[in-house]
Amino acid sequence: MKPAKPKAAILLIAFLLGSTCGCASEWSEATRVTSMTNRIEILGMSLLPPQREGWSYIRNHPARITFGKPGNTSDQSVIGAVVLSKLPDIGSEAEFLEVVSKQRHRNVGDPRYEYLVDEETVSCEKNTLGVRIHTKYKDFGAKNLPEGCSCLIVEDIGIMCRHPENKNVAASIILSQRSKPENTVTNFQELADGFIKNAEFTPFPKSLAANH
């Protein structure tokens, strides 16, 4: 059966993860996570890795970090990313939600994707204006689609929020999994929620913290 057209295709999340995952040569020089309790710093953020064994990370940029973990099977991969980016002036929760929604979606009508979940909810769980995101879809055209498998499942859970020290800086904290339908990560929601909860904001240099 031909997959249904998604109401919105290609996520900003996928773009962020795709732009931060790095190539194989980059991952060969990644830093291995040796402690689940040692915090890792990037510009404006203090992080703990996702709370399971086997992670490595790359500092792609002073304001961007990517965590990666080999899957239990060849089709399974899990990627986490924390990215700071520019944010326009926003006056209300509704406006923030609209901006995030427009940035996340591109209406390309690609039948490659069939959406199972596509949720965005205003959230102040990190004591700043944010939008919780949960997306899950079938990818019928993945490059690494195993022989005999019709699709991979892709699931993204994250939050995009305004940095409390600068209203024109957004922080995206995202965990993404990709696998065959029968090989999805156990308790992925719990893993993603912990990754988001453990990310903390830290002071910017004065030159970046002036715009409140």
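Residues numbered from 1 in each chain as written. Predicted model: local features only at pLDDT ≥ 70, side-chain atom pairs only at ≥ 80, totals over all residues. Heavy atoms only, no water.

Enquirer: How do you make sense of the overall build of the protein when you look at a structure like this?
Expert: Per the secondary structure count, the protein includes five helices and 11 strands. Going through the 212 residues of the protein one by one, you find that 49% of them count as buried. Within the protein, counting contacts between residues at least 6 apart in sequence, those at least 24 apart form 62% of the total. Here the protein displays about 10,700 Å² of accessible surface, and carbon together with sulfur accounts for 50% of that area. (Helix = DSSP H or I, 4+ residues; strand = E, 2+ residues; numbered from the N terminus. Buried < 20%, exposed > 50% of the residue type's maximum accessible area, 1.4 Å probe, protein only. Contact = heavy atoms within 4.5 Å. Areas by Shrake-Rupley, 256 points an atom, 1.4 Å probe, with all protein chains shown as cover.)

Enquirer: Could you clarify how one ought to interpret the environment of Tyr113 in this entry?
Expert: Structurally, Tyr113 can be placed in strand 7 (residues 113-123). Each C-alpha atom of the pair Tyr113 and Tyr137 lies 6.5 Å from the other, and the pair is 24 residues apart in sequence.

Enquirer: I keep staring at the confidence of the model for the protein and nothing clicks. Help me out?
Expert: Regions with low pLDDT should not have their predicted coordinates read in detail. Across the protein, pLDDT averages 83, with 81% of residues at or above 70. Of all secondary-structure elements in the protein, the lowest mean pLDDT belongs to helix 1 (residues 12-20), at 41, while helix 4 (residues 188-198) reaches the highest, 97. Low pLDDT, under 50, characterises residues 1-23; the predicted model gives this stretch 62 contacts beyond four residues in sequence or across chains. (pLDDT = per-residue confidence, 0-100.)

Enquirer: Where do I start with the sheet that holds strand 4 (residues 56-61) in this structure?
Expert: In sheet architecture, strand pairing relies on hydrogen bonds along the backbone and comes in two forms, parallel and antiparallel. If you walk across this open sheet you meet the eight strands as 1-4-5-6-10-9-8-7, and the pairing is antiparallel. The two strands at the open ends of the sheet, each matched to only one other strand, are strand 1 (31-32) and strand 7. Across the sheet, helix 4 touches strand 5 (64-70), strand 6 (77-86), strand 8 (130-139), strand 9 (152-162) and strand 10 (169-179), and the angle it forms with strand 10 is around 155 degrees. (Pairing = 2+ DSSP bridges. Axes fitted to C-alpha atoms, helices over the stretch in contact; angles between N-to-C directions.)

Enquirer: Help me understand the nonpolar core, please; the structure alone is not making it clear to me.
Expert: The tendency in soluble globular proteins is for nonpolar side chains to be buried side by side. One finds Met45, Leu47, Ile65, Phe67, Val82, Ile173 and Leu175 to be the most contacted residues of the largest nonpolar core, which totals 29 residues. Breaking this core down by element, the ones donating at least two residues are strand 2 (40-42), strand 3 (45-47), strand 5, strand 6, strand 9, strand 10 and helix 4. The greatest single-element share of this core, amounting to five residues, is contributed by helix 4. What Leu47 contacts, discounting residues up to four positions off in sequence, is Asn38, Arg39, Ile40, Ile42, Ile65, Phe67, Val82, Asn198 and Ala199. (Core = buried A, V, L, I, M, F, W, Y, C linked by side-chain atoms within 4.5 Å.)

Enquirer: I tried to follow the environment of Gly44 on my own but got confused; where do I start?
Expert: Relative to the assigned elements, Gly44 resides in the loop between strand 2 and strand 3. Relative accessible area serves as the criterion here: at 3%, Gly44 is assigned to the buried category. In the structure, Gly44 is positioned 121 residues away from Glu165 in sequence and 8.7 Å away in space, judged by C-alpha atoms. Ignoring anything within four residues of it in the chain, the contact list for Gly44 reads Leu84, His163, Glu200, Phe201, Thr202 and Phe204.

Enquirer: Is there a simple way to explain the pairing of strand 5 in this structure?
Expert: Side chains on a regular strand alternate between the two faces of the sheet. In this sheet, strand 5 lies alongside strand 4 in antiparallel orientation, the contact comprising four bridges. Each residue of the ladder has a partner; that of Ile58, found in strand 5, is Thr66. Hairpin geometry of strand 4 and strand 5 is characterised by an intervening segment of two residues between the two adjacent antiparallel strands. Relative to strand 6, strand 5 runs antiparallel, the two being bridged by seven bridges. Each bridged residue has a counterpart across the sheet, and for Thr66 the counterpart in strand 6 is Ala81.

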